[in-house]
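Descriptive analysis of the structure
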Amino acid sequence: MKNKAAPRPESPFASLPSVDVLLRDERVSTLIDAFGKDSVKQALVKEIDQLRISIATQKTKRPENSPSQHDNSQHEGQHDIQHESQHAADLTRSQMTERVICCSETFLTEKFTPSIRPIINLTGIVLHTNLGRAPYPQAAIDAMVSVSRGAANVEYNLVNGKRGKRDDHIAEWICELTGAEAATAVNNNAAAVLLVLNTLAEKQQVVVSRGELIEIGGAFRMPDIMKKARCKLVEVGTTNRTHDYDYRNAIGKKTAALMKVHTSNFEIAGFGRSVSVAELATIAKEHKLTVIDDMGSGNLIDLEQYGLPAERTARQAINEGADIITFSGDKLLGGPQCGLIAGKKSLIEQINRNPLKRTMRLDKVTLAAVEAVLKLYSKPDSLKASLPTLAILTRNQEDIKRSAAMLAGCLQPKLPAIVDVSIQPCESQIGSGALPTKTLPSHAVVLESKDSGYSIESVARIARSLPTPVIGRAHKNALWFDCRALTDHATLTASINEWPSVC
Ligand SMILES: *Cc1c(COP(=O)(O)O)cnc(C)c1O
């Protein structure tokens, strides 16, 4: 068979642009300025490969009018719709060049978008651990920025020019606000608990009520922490009831401490009994033991004065006789992630001498933020205005409703007609194990699909993909945007303006 006469079209593979040629393209130079040569090269190689695969698959699959088969799950959307309408194999060299550069730009832009970035928390959980817990006060942000730019007197005494102590920047403020003799701080409360137990009870026993052997999110389980701190946990009482004699009966030669743990994310309702720190202190005194109180969400103020549910304060724990208390900086306290430790001076000194302390110490940025937050507490009258966590928790219904109306107004025109938009009352949670069973009345924008064929999850997905992602909560086949924490209307409107027109 000699059919060679029919001229074969040139192989589409021959039209694929080369990396070297592309690197001389002006548009690629702009990409190099923005993203660096190595990343751009890598992207070009990748996109040329994608194109090669598209050509190969189309060659074997023709004729077909479906878009190319290449995997776009990484950057789904836009560019395959724009580009794949035409078969890769039919493109001219300049069209291929165009496509490789354009896809590389999309890929690189996405790669260099910050992975961790601001989001708008409309989940209805104010202190959401997965969403970074407390929003920082402006004073803390300013303090962080000011020390982060250059050197700071982290461990330097400006008066005598000698070495200073890291804790000195905040210890006195903690003491003033809690009534404790001394204080220190580490990276989070989990670390604080580990450090305290290891320092004060290594190879000894710690007595804890069975009703307080908590697990909180992220694999923090009290029995496991005890093990890692090299303490022997002695469980007493029952899940719902523990009495003072349970502690007394458990005390032996190896007992070092009696520990109280805030139950944080659950509450025992009904027939319950637990032993107060004051009672533990009485027992501890008789046996020369230490009372440790892991308070969880650190609270420094009377929350009831703001119409919030009551939560024991650090000062109360110290007054009741706790020798050492530990609590988080980024829960109710409303500051950065850290764990604060306060109590007897001799015990804090012991804690500071533990080599583990060095592995958990705060950096200058967090120190600056903690100092700024603690100072806000010394002016309680303006706290509602200066501490965003408190401002959000105490927001009034009218104000929340206004935010909801604003959100509904800007969402409505973006959504398909089959989505029903309404404003409904809902309940916000404080979150992060603070007052788990208490909720705060709030209002939400509720999106419901009027057609069972249309999943509201697709709306949630778009909301998550916005420049400032908006995170709601799925509940009863609907998407709820609790507007309690919606205070930055400008950022929200700007973000929703970028809502893609087709969905
Ligand atoms: C939250 C919590 C912790 C852990 O605190 P982190 O700040 O998350 O490290 C420990 N104990 C209790 C009782 C808590 O509520």
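Per-chain numbering applies: the sequence of each chain, read as written, is numbered from 1 onward. Where local features are concerned, this predicted model is filtered to residues with pLDDT of at least 70; where side-chain atom pairs are given and counted, the filter is 80 or more; whole-chain, interface and lining totals use all residues. For side-chain calculations, the full set of non-hydrogen atoms in the structure is used, while hydrogens and water are omitted.

Sheet architecture is open: seven strands sit in the order β2-β10-β9-β8-β7-β3-β6, paired in mixed fashion. Of all the strands in the sheet, the pair left with one neighbour each is β2 (182-186) and β6 (232-236). Mean inter-strand twist for the sheet, computed between neighbouring axes without regard to direction, equals 25 degrees. Should any heavy atoms of two residues lie within 4.5 Å, those residues are considered in contact. Helix axes are fitted only over the stretch in contact, all axes being lines through C-alpha atoms; the angle between N-to-C directions runs from 0 to 180 degrees. The way it works is that DSSP assigns letters per residue, a run of H or I at least four long becomes a helix, a run of E at least two long becomes a strand, and they are numbered from the N terminus. Against the sheet, helix α13 (residues 345-353) contacts β2, β8 (290-297), β9 (324-328) and β10 (339-343), and its axis sits at roughly 30 degrees relative to β2. For two strands to be treated as a pair, DSSP must find at least two bridges joining them.

A single heavy atom is enough: if one lies within 4 Å of a molecule or strand, its residue is considered near that molecule or strand. Around the ligand, 13 residues are found, and the nearest of them are A190, S264, D294, S328 and K331. Polar contacts, as counted here, are pairs of nitrogen or oxygen atoms within 3.5 Å of one another; within protein the pair requires one atom able to donate a hydrogen and one able to accept it, and residues that are adjacent in sequence qualify only if both atoms are side-chain atoms. Contact between the ligand and D294: a nitrogen atom at 2.6 Å from a side-chain N or O atom of the residue. K331 is positioned such that a nitrogen or oxygen atom in its side chain is 2.8 Å from an oxygen atom of the ligand. Only the protein chains shown count as cover for residues, and all accessible areas are computed by the Shrake-Rupley method using a 1.4 Å probe. Surface burial for the ligand is 93%, taken as the share of its 370 Å² of free accessible area covered by protein chains.

Another aspect to go through is the packing of aromatic side chains. Pairing of aromatic rings covers Phe, Tyr and Trp, the last counted by its six-membered ring, and requires centre-to-centre distances within 6.5 Å; plane angles under 30 degrees mean stacked, over 60 mean edge-to-face, and any other angle means tilted. Inspection of the entire model under this criterion finds one aromatic pair. Charge-over-ring placement is defined geometrically: NZ (Lys) or CZ (Arg) within 6 Å of the ring centre, and within 35 degrees of the ring normal. Geometry around F107 places K46 over its ring, the cationic atom sitting 4.3 Å from the centre.

In this fold, T242 is placed in the loop between β6 and α10 (244-250). Classification of residues uses two cut-offs on accessible area relative to the type maximum, computed with a 1.4 Å probe and protein chains only: under 20% is buried, over 50% is exposed, and between them is partly exposed. When its relative accessible area of 1% is taken as the criterion, T242 is described as buried. A distance of 2.7 Å separates polar atoms of two side chains, one belonging to T242 and the other to S209.

In terms of burial, β10 is largely enclosed, as five of its five residues are buried. Alignment of β2 against β10, held across five bridges, turns out to be antiparallel. When the bridges of β10 are listed, A185 appears paired with L340. With five bridges joining them, β9 and β10 adopt antiparallel strand pairing. Within β10, the position partnered with I324 by the bridge is G343.

Moving on to the environment of L411. Structurally, L411 can be placed in helix α18 (residues 397-411). Residues L411 and T493, spaced 82 residues apart in sequence, show a C-alpha to C-alpha distance of 9.1 Å.

Glancing now at the pairing of strand β7 (residues 255-261). Burial within β7 is extensive, with seven of its seven residues counted as buried. Here strand β3 (residues 205-209) runs beside β7; their pairing, made up of four bridges, is parallel. Across the sheet, residue V206 finds its bridge partner in β7, namely A257. Looking at chain direction, β7 and β8 are connected through five bridges and run parallel. The residue of β8 that forms the bridge with V261 is D294. Think of it like this: strands point away, you trace from the first strand over the helix to the second, and a clockwise trace means the crossover is right-handed. The parallel pair β7 and β8, bridged by helix α11 (residues 277-287), forms a crossover whose chirality is right-handed.

When a protein is soluble and globular, its nonpolar side chains tend to lie buried together. Here, nonpolar core means buried Ala, Val, Leu, Ile, Met, Phe, Trp, Tyr and Cys residues that are tied together by side-chain atoms lying within 4.5 Å of each other. Counting residues in hydrophobic clusters, the biggest one holds 65 residues, and the most contacted among them are L258, I325 and Y377. The contacts of L258, once residues within four sequence positions are left out, are V207, Y247, I251, L280, I283, A284, L289, T290, V291 and I292. Residues V186, A192, I214 and I348 belong to the second largest nonpolar core, which totals 32 residues.

All right, on to the side chain of D167 then. Looking at the secondary structure, you find D167 in the loop between α6 (138-148) and α7 (171-178). Sequence-distant contacts of D167, that is, excluding residues within four places in its chain, are made with A183, T184, A185, N352 and K357.

Within the secondary structure, R273 sits in the loop between β7 and α11. When near neighbours in sequence (up to four residues on either side) are disregarded, R273 contacts N240, R241, T242, H243 and E279. A distance of 3.2 Å separates a polar atom in the side chain of R273 from a polar atom in the side chain of E279.

Here, a salt bridge means any side-chain nitrogen of Lys or Arg that lies within 4 Å of a carboxyl oxygen of Asp or Glu. This structure, assessed with the given rule, holds 23 salt bridges. Between R230 and E202 there is a salt bridge; the shortest N-O distance is 3.0 Å. Note that R230 is positioned in the loop between α9 (222-228) and β6 and E202 in the loop between α8 (189-201) and β3, a separation of 28 residues in sequence. Across the salt bridge formed by R210 and E235, the nearest N and O atoms sit 3.0 Å from each other. With a gap of 25 residues between them, R210 in the loop between β3 and β4 (215-216) and E235 in strand β6 connect regions that are remote in the sequence. Residue E235 is classed as partly exposed on the basis of its relative accessible area, which comes to 36%. Three or more residues joined by partner-sharing salt bridges are found here, namely E155, R163, R166 and R361.

So, on to the environment of E448. The residue E448 is located in strand β12 (residues 434-449) in this model. In this structure the C-alpha to C-alpha distance between E448 and K254, which are 194 residues apart in sequence, comes to 60 Å. Ignoring sequence-local partners within four residues, the contact set of E448 consists of I418, V419, D420, Q424, I456 and A478.

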